[in-house]
Amino acid sequence: MIHAPEPWWLPALLALSLFADALMSVRPPKFIQQCLDGVGFPRDWWWTLIAIKLAATAGLLVGLKYPGIGLATVVGVIAYFTCAAYSHYRARFLGYEFWINCLGMLTLSVAAAVPYLA
């Protein structure tokens with residue numbers, strides 16, 4: 001028997017946030033450009049972030065039906081945002097992008113893991 005995580009809306013909210021972020025990153029607005037430039041992420045590699053976020057979106061949505069996939073995906077997303085936070089720290093790029101975007105998404109990712117661990 002397959003059981004959806006409870007509450008299901010936390011992983012769904014993370015999936016929606018990642019999907020919106022991926023869509024915005026196709027033609028990144030200034031704040032995304034400043035963030036990626038601020039941590040020194042090469043522009044030639046920006047496309048990889050879109051692919052990662054779309055794959056994570058798919059994994060989280062599939063994880064609503066298959067919790068093992070959801071847990072594996074959310075752990076990957078937590079690792080992604082932990083690395084992003086470290087990149088911000090290492091580059092000393094600790095403005096609002098770090099506090100709101102990076103740590104905000106890390107917090108949402110950790111919260112989305114809770115239903116899988118309960």
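Before any of the text, the structure's been laid out above.
Reading guide: rules and limits
Residues numbered from 1 in each chain as written. Predicted model: local features only at pLDDT ≥ 70, side-chain atom pairs only at ≥ 80, totals over all residues. Heavy atoms only, no water. Axes fitted to C-alpha atoms, helices over the stretch in contact; angles between N-to-C directions. Helix = DSSP H or I, 4+ residues; strand = E, 2+ residues; numbered from the N terminus. Parallel < 35°, antiparallel > 145°, perpendicular 65-115°, else oblique. Left-handed = near helix turned anticlockwise from the far one by under 90°. Contact = heavy atoms within 4.5 Å. Nonpolar A, V, L, I, M, F, W, Y, C, P; charged D, E, K, R; others polar. Core = buried A, V, L, I, M, F, W, Y, C linked by side-chain atoms within 4.5 Å. Buried < 20%, exposed > 50% of the residue type's maximum accessible area, 1.4 Å probe, protein only. 1 Å grid on protein atoms, 1.4 Å probe; cavity = no way out; pocket = protein on both sides within 12 Å on 5 of 7 lines; lining within 4 Å. Points joined across faces, edges and corners; volume = space filled by probe spheres on them. Salt bridge = Lys/Arg side-chain N within 4 Å of Asp/Glu carboxyl O. Expected span 1.5 Å × (residues − 1).

> Looking at this structure, how should I read the packing of helix α4 (residues 67-91) against helix α5 (residues 96-117)?
The axes of two packed helices give the description: the angle between them and the distance between them. Packing of α4 against α5 brings their axes to within 9 Å, and their N-to-C directions diverge by 160°. In terms of orientation, α4 lies roughly antiparallel with respect to α5. The way α4 lies across α5 gives a crossing that is left-handed. Packed against α4, whose contacting residues are P67, G70, L71, V74, V77, I78, F81, T82, A84, A85 and H88, the element α5 presents E97, F98, C102, L103, M105, L106, S109, V110, A112, A113, Y116 and L117 at the interface. Across the contact of α4 with α5, the residue classes tally to 18 nonpolar, four polar and one charged.

> What is the right way to look at the nonpolar core in this model?
Counting residues in each nonpolar core, the largest one holds 14 residues, and the members touching the most others are L14, L18, L60, V74, V77, F81 and M105. Those elements giving two or more residues to this core turn out to be α1 (9-26), α3 (46-63), α4 and α5. Top element by residues in this core is α5. It accounts for six residues. Contact partners of L18, with chain neighbours within four places excluded, come to K53, A56, T57, L60, V77, F81 and M105.

> How do you make sense of the layout of surface pockets when you look at a structure like this?
Empty pockets left among the atoms are what a rolling probe the size of a water molecule brings to light. In this structure, the largest pocket spans a volume of roughly 540 Å³. What lines the largest pocket is a set of 23 residues, among which C35, L36, K53, Y80 and F81 lie closest to the centre. Examining the composition of the lining of the largest pocket, we find that six residues originate from one element, α4, more than from any other. The residue inventory of the lining of the largest pocket, partitioned by class, reads 15 nonpolar, five polar and three charged.

> What is the right way to read the pattern of salt bridges from this model?
Opposite charge on two side chains allows them to pair when their charged atoms are near. On inspection of all chains with the given rule, the structure shows two salt bridges. A salt bridge links D21 to K53; its shortest N-O distance comes to 2.9 Å. Of the two residues, D21 is situated in helix α1 and K53 in helix α3; the sequence distance between them amounts to 32 residues. By the burial criterion, D21 is buried, and K53 matches it. Two residues, D37 and R43, come together in a salt bridge whose shortest N-O distance is 2.7 Å. What makes D37 partly exposed here is its relative accessible area of 38%. A residue is classified by how much of its surface remains accessible, and R43, at 47% relative accessible area, is partly exposed.

> What should I look at first to understand α3 in this one?
At 3.6 residues per turn, the α-helix brings residues three or four places apart onto the same side. The end-to-end C-alpha distance of α3, which contains 18 residues, comes to 26 Å, matching closely the 26 Å that a straight helix rising 1.5 Å per residue would cover. If you follow the buried residues of α3, they end up packed against α1, α2 (30-38), α4 and α5.

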